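# Remarks on the overall topology
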Amino acid sequence: MEEVKLLGMWLSPYSYRVIWALKLKGIAYEYMEEDLSNKSPLLLQCNPVHKKIPVLIHGGKPICESSVILEYIEEIWPQNSLLPCDPYERAIARFWIKFADDKGPIVWKICGTRGEERQKVIEESLEMLKTIEEHGLGDKKFFGGDNISMVDIAFGGLAYWPGVIEKVLGRNLLEAHKFPRLHAWTKNFEEVPEVKENLPDLGRLLKRET
Amino acid sequence: MKVEIPNSMAEVKLFKTWSTPFGARVVWALKLKGIQYEAIDEDLSNKSALLLQYNPVYKKVPVLVHDGKPISESLVILEYIEETWKQNPILPEDPLGKAKARFWAKFNDEKLLPSIWSAFTKEGTEREEAMGAALESLKFVEEELKGKKFFGGEKIGLADLVFGWLANLTRVFEEVAGLKIPDERYPLLLAWLQEFSEHPIIKDYWPPHDKLVIKYQALYEKFHPAK
């Protein structure tokens, strides 16, 4: 099998998306931590357009953009499938993966803002979470049903980030009574062994955000 | 007992507007594959109940409805079309080729298009900066066209359909806003604009220039009210 390398960053949820997918499929890879304040020549060569992580390098060929990487991983290593077979169900999955890409990031902005701007960001985040709660999850254990899939992975950052926000804001954004489905989902998601063993260190995250 | 009806035979509807680039890319994909569909052009100032029912999350066009089942988000729709109707593929077979096409599709929607739109709507230094960002983005796109007729190679592919809006709107933006994107520094892109817009399937669905000028002129005036 050709060599697999991952250029990532310890706190990036996008980096973790790729790690979780590789682990769930049992793919061996070499992980290389990037210092984003001092980007490696390899990163700049592999991702000249965005100069961002994550980058998957498979047999020397780079693939950029985490959701593109997830689709690539699914196609190259079809075991422990992360997408349904039916085209319509795949479309639903891709819709939510895109939602995670387009709307999810608002949550990361909470820690970096203050005052009125922070309030606005919090409100937008709650709206975003409400949409997932009402339209995305249903009453299933995971987004795709009984088993973890690409949609769960795409939303994975939401599983650990609220813990950070709670310490920073002094209140829980993802309250169980307001978001019963999402709240249950975060517990189910974090219990998956490949996720549990691959989460950023909360203490280190808090040190950075407070 | 579930009765299997060949999925490809079921009814196809497309909710869009006459001018939306996101709808155009879906129309082009359907036409390239020879799929019959019913077009429903929405008035976005008065959205139909059906549209709101089919796309409750975003309430936007385009929405493809296949056998009563709605799919929203144009890139998701394109992937669905590709997987449901296998003739005249718009994605290559190899996973790396697919990844590249998807990368450029995302690049258009997340970087290029927003920066050009910013250049259109903003003024002064903000407009200059947006133009700068757009031209930088175009350098990468120009590079990608080296040695190729289309982004998809010899044939139109996903990335061509996604970048296609530029071919339709470039002269409109020049006429209305004085924005020349791309200019003569991008010969490969200019050649591609020509090839794409002259393709028989593509030019069969081409939001008309004069009507677009009127629409975008009105929009421009909204963003740049006369002082």
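Model, not experiment: these values are computed from the prediction.

### Re the overall build of chain B
Regarding its fold elements, chain B presents nine helices and four strands. The secondary structure elements of chain B, listed N-terminal to C-terminal, are β-α-β-α-β-β-α-α-α-α-α-α-α. Computed over C-alpha atoms, the radius of gyration of chain B comes to 18 Å, within 12% of the 17 Å expected from 2.2 N^0.38 for 227 residues, which places it in the range of a compact globule. When the backbone C-alpha atoms are referred to their principal axes, chain B occupies close to 65 × 45 × 30 Å. A total of 227 residues make up chain B; the buried ones form 52% of that total.

### Thoughts on the UniProt feature "domain: GST C-terminal" (unreviewed entry) in chain B
Here the UniProt-annotated "domain: GST C-terminal" (unreviewed entry) positions come out as residues 94-227 of chain B. With 74% helix and 0% strand, the stretch residues 94-227 of chain B has end C-alpha atoms that lie 55 Å from each other.

### As for the packing of aromatic side chains
Residues and elements named next belong to chain B. One pass over the structure, following the stated rule, counts 31 aromatic pairs over all chains. Taken together, a centroid distance of 6.3 Å and an interplanar angle of 90° make the contact between Y80 and W85 edge-to-face. Residues W104 and F107 carry aromatic rings whose centres are separated by 5.3 Å and whose planes lie at 75° to one another, so their mutual orientation is edge-to-face. With W104 and F107 both in helix α4 (residues 95-121) and three residues apart, this pair spans about one turn of that helix. Accessibility classification places W104 together with F107 in one group, the buried group. One cation-aromatic arrangement involves K211 over W18; the distance from NZ or CZ to the ring centre is 4.3 Å. One residue, K215, lies across the ring of Y216, its end atom 5.8 Å from the ring centre.

### Considering helix α5 (residues 115-136) of chain A
All names here are of chain A. An ideal rise of 1.5 Å per residue puts 32 Å on 22 residues; α5 measures up with 31 Å between its terminal C-alpha atoms. Turning to α5, its buried residues number three or more, namely R118, V121, I122, S125, M128, L129, T131, I132, E133 and G136. Buried residues along α5 sit in contact with α4 (87-102), α7 (157-169) and α8 (180-191). Phi turns positive, to about 65°, at G138, one or two residues after α5.

### Observations regarding the interface of chain B and chain A
Contacts between the two partners involve 26 residues from chain B, matched on the other side by 28 residues from chain A. The contact between chain B and chain A buries some 2,500 Å² in all, and 69% of this surface belongs to carbon and sulfur atoms. The tally of links from chain B across to chain A stands at nine salt bridges. Salt-bridge contacts for E73 of chain B lead to K98 of chain A; the nearest nitrogen and oxygen are separated by 3.3 Å. Summed over the shared surface of chain B and chain A, the result is six residue pairs in polar contact (both at pLDDT 80 or more). At 11 residues, the largest contribution of residues to the side of chain B that touches chain A is made by α4 of chain B. Considering only residue class, the side of chain B that touches chain A consists of 15 nonpolar, two polar and nine charged.

### A word on the pattern of salt bridges
In a structure, side chains of opposite charge can pair up when their charged atoms sit close to one another. Scanning the model with the defined rule gives 28 salt bridges over all chains in all. A salt bridge links R102 of chain B to E75 of chain A, with the shortest nitrogen-to-oxygen separation between them at 3.2 Å. With R102 of chain B in helix α4 and E75 of chain A in helix α3 (residues 66-76), this residue pair bridges two chains. Residues joined by salt bridges that share partners form a network here, namely E71, E75, R90 and R94 of chain A together with E79, E83, K98 and R102 of chain B.

Analysis parameters
Residues numbered from 1 in each chain as written. Chains lettered and ligands numbered in written order. Predicted model: local features only at pLDDT ≥ 70, side-chain atom pairs only at ≥ 80, totals over all residues. Heavy atoms only, no water. Helix = DSSP H or I, 4+ residues; strand = E, 2+ residues; numbered from the N terminus. Rg over C-alpha atoms; globule rule 2.2 N^0.38 Å. Buried < 20%, exposed > 50% of the residue type's maximum accessible area, 1.4 Å probe, protein only. UniProt positions renumbered as here; feature names shortened; annotations may be inferred. Phe/Tyr/Trp six-rings, centres within 6.5 Å; stacked < 30°, edge-to-face > 60°. Lys NZ or Arg CZ within 6 Å of the ring centre and 35° of its normal. Expected span 1.5 Å × (residues − 1). Contact = heavy atoms within 4.5 Å. Buried area = accessible area lost by both parts, 1.4 Å probe. Salt bridge = Lys/Arg side-chain N within 4 Å of Asp/Glu carboxyl O. Polar contact = N/O pair within 3.5 Å; in protein donor to acceptor, adjacent residues only side chain to side chain. Nonpolar A, V, L, I, M, F, W, Y, C, P; charged D, E, K, R; others polar.

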